[in-house]
Structures are given as C-alpha cells and as structure tokens.
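Each chain is listed here by its residues.
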Amino acid sequence: MYRGVRIAAVVPAYKEENHIGQVIKTMPDFVDHIVIVDDCSPDDTSGAARRADDGRVTLIRHEVNQGVGGAVLTAHKAAMELGSDINVVMAGDAQMDPEYLPQLLDPVVDGYGFAKANRFFSGESFAGMPGYRIFGNIVLSFMTKLASGYWHIFDPQNGYTAIRTEVLRRLPMNKVAARYSFENDLLIHLNILDVPIVDVPIPAVYGNEVSSIKLRKVIPELLAMLFGGFWRRVWWKYMVWSFSAVALLLIAGLALIVMGLGVGAWVLAASVGSPTAGSVMLAVVPFVLGVQMLLVSLQLDIQASPDRPTMHPMKERA
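Attention in this report is confined to the structure presented alongside it. (Residues numbered from 1 in each chain as written. Predicted model: local features only at pLDDT ≥ 70, side-chain atom pairs only at ≥ 80, totals over all residues. Heavy atoms only, no water.)

**A few points about the pairing of strand E4 (residues 86–89)**
And step 1. Going residue by residue along E4, you find Ile-86 and Val-88 tucked away on one face and Asn-87 and Val-89 tucked away on the opposite face as well.
And step 2. Note: strand E1 (residues 7–13) against E4, four bridges, orientation parallel. Across the sheet, Ala-8 pairs through a bridge with Asn-87, a residue of E4.
And step 3. Here E4 runs beside strand E6 (residues 161–164); their pairing, made up of three bridges, is antiparallel. (Buried < 20%, exposed > 50% of the residue type's maximum accessible area, 1.4 Å probe, protein only. Helix = DSSP H or I, 4+ residues; strand = E, 2+ residues; numbered from the N terminus. Pairing = 2+ DSSP bridges.)

Dropping the structure here:
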C-alpha cells in the first residue's frame, strides 16, 4: 500500500519479452498488484512475465490484438476486481521510471482524480529531439487541449498515468478509443465527467525499444477522433447537462461566420468584383461578431478546465 491506499500497476505489453521482466523486478514494494495484459504478442512475453516469479502478478493474454488502449482497459477492469484504489499505467518496455511513482500518486491521493506525467517540463526536455517532432508535439498538445478542454496540460500522448478506481467506475470504458488515440480520447471522457487532473513533471526513460506506430495510419485516426471528441464534449458538457453560454456563443459564432462568408461570396459574385461599402458591411459585421463570440466561448471553456483538486482526499484503509 501507499499512504494506506491500495495500488495496482496495469501493464499493457506487446512484444516485450526482453523488457517485461525488468518492469516486474523494479516495481516498488508498495504496489499491491501488477496486472499484465499480453496483447496477443507473437513472442514469449507471457512466459517472461511468469519467469519473473512475482506473487503480485496477474497475467492476462488477449487472443486477438486490441491495441494499447484495449490492453490498458482490460488491465483496469481486472485491477478493480482485485480491489485497487488507484491504478497506475506502466509501459511494458520499461520506459516509465518507477522511482517517480510517489510524485504521480500523491496528487491523486490528495484530491485529484487523474494524474499524468509530462516529459516536456523544461527547455532541456527537447534536447536532441528533431524539430519536426517538437513541432508535432506542440500541435498535438494544442489540438488535444481544444478537444478535451484540459487547457492546463501538455504531452497528451504520455501514458504514464494514475487514476482513481472511483473515476474508472463512472467512465464508459467500452466507448473509449482502444488504440493509439486512447490517451487523447480518455482525456475527453474525463472532462465530460468534470474529473480534476494534474500534470506531473517526470522525465522519460529511452532505451533500445522500437516503436510499432505507423504514422500514416495513426495521424488520420487521431485527427478524426479529436474532431469528433470535441463536439461530443460540447454536446454532453455544455448542451445536454447544462445549456451554458459556451454552447450558445459557439453555435451563434459559427453561424455568424458562415453567414458572413456566404454573404461575402454572394456580394463578390453579384457586384462582379466591385462591391459597395454597404454590401461589404453585410459580410464583415457578421463575420467579425462570429469570431468574437468564438473567442469568448474559448475563454469560458479555458476557465472551466478542471485543474484543481476538488475530490475528497483518500482515507487509509482500516
């Protein structure tokens, strides 16, 4: 236990025969359960986990590959059945340093529902990283902020996380994306539930592992999920559960922008390139008002970001 709270480490593993033993061996003593999900690995990942011979290990093997998100969700469900209070995701490739587990667990015990590691917490964090990857991380982080509503976080693809099981019980886990967009989609679902989360500065550990991510397939899938996730969040959080000013300004702003663009196109076509001042105003005024409404709705959404520990502190088990 950690601070009297039962901890489970959930470990998605795919082709990690060479690393899974190290993950188990270096797991801190305060971790009560280690749930490993072998996601239909073609190597002997399961055998390596058994050979580690740790009584805390619960090993599950998928007969069909479900992706990293699917493996994490399977492990979460198993950990909850084992009676965990907090689940921590640890990668099967030993990239997540267990020495930083207390920094990740403390805010969750004290009042946050979810804590996430952030590798990019200083200028030195980008040292040695190619420029295109830095640019890609910045763009992806902004798009995830917009889609999820968690404007205070960065490094959304970081899977080193801790979450309360009481939050997992509220989460519609069967609707969370199961593959490489899992982390981003999870943030969207958490925001809909108004779960307070926090970024924790934790450096990454890089080894000789090889990524199996195919960017040409992952990027379109991720962009489509973020676009759909944004509107799903707006629908549930700002329309269905409480029709707020965010939804009103967003819808009205978009309508005015479309109206301004439409009127502008009509004016240009009707006047053969020589519009009058009055006709120009008919297009410009709705467009400008629409942009202003979108900016105000964005500001309100930023202010509503659940960034404070609003949940009850967890109590020590009797």
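**Let's talk about the pattern of salt bridges**
And step 1. What the rule picks out here adds up to 12 salt bridges.
And step 2. A salt bridge links Asp-106 to Arg-3, with the nearest nitrogen and oxygen atoms 3.1 Å apart. Residue Asp-106 is found in helix H4 (residues 101–110), and its partner Arg-3 is found in the segment before E1; the two are separated by 103 residues along the sequence.
And step 3. The exposure class assigned to Asp-106 is partly exposed, which follows from its relative accessible area of 25%.
And step 4. Between Arg-56 and Asp-54 there is a salt bridge whose closest N-O contact spans 3.0 Å.
And step 5. Here Asp-54 falls in the partly exposed class, since its relative accessible area comes to 21%.
And step 6. Each of Arg-3, Asp-106 and Asp-110 takes part in salt bridges that share partners, so that together they form one network. (Salt bridge = Lys/Arg side-chain N within 4 Å of Asp/Glu carboxyl O.)

**Overview of the side chain of Glu-16**
And step 1. Among the secondary structure elements, Glu-16 is positioned in the loop between E1 and helix H1 (20–25).
And step 2. Comment: no salt bridge for buried Glu-16; closest opposite-charge side chain is Lys-15, at 8.9 Å.
And step 3. Excluding residues within four positions of it along the chain, Glu-16 makes contact with Asp-43, Thr-45, Gly-92 and Asp-93. (Lys, Arg positive; Asp, Glu negative; His and termini not counted. Contact = heavy atoms within 4.5 Å.)

**Points about the packing of helix H5 (residues 131–148) against helix H7 (residues 182–192)**
The geometry of a pair of packed helices is captured by two quantities: the angle between their axes and the separation between those axes.
And step 1. At a closest axis distance of 9 Å, the pairing of H5 and H7 adopts a crossing angle of 30 degrees. Here H5 lies roughly parallel to H7, going by the angle between them. For the crossing formed where H5 meets H7, the hand is right-handed. Here Leu-140, Thr-144, Ala-147 and Ser-148 of H5 lie close against H7, whose contacting residues are Asn-184, Leu-187, Ile-188 and Asn-191.
And step 2. The class makeup of the residues in the contact of H5 with H7 is four nonpolar, four polar and no charged. (Axes fitted to C-alpha atoms, helices over the stretch in contact; angles between N-to-C directions. Parallel < 35°, antiparallel > 145°, perpendicular 65-115°, else oblique. Left-handed = near helix turned anticlockwise from the far one by under 90°. Nonpolar A, V, L, I, M, F, W, Y, C, P; charged D, E, K, R; others polar.)

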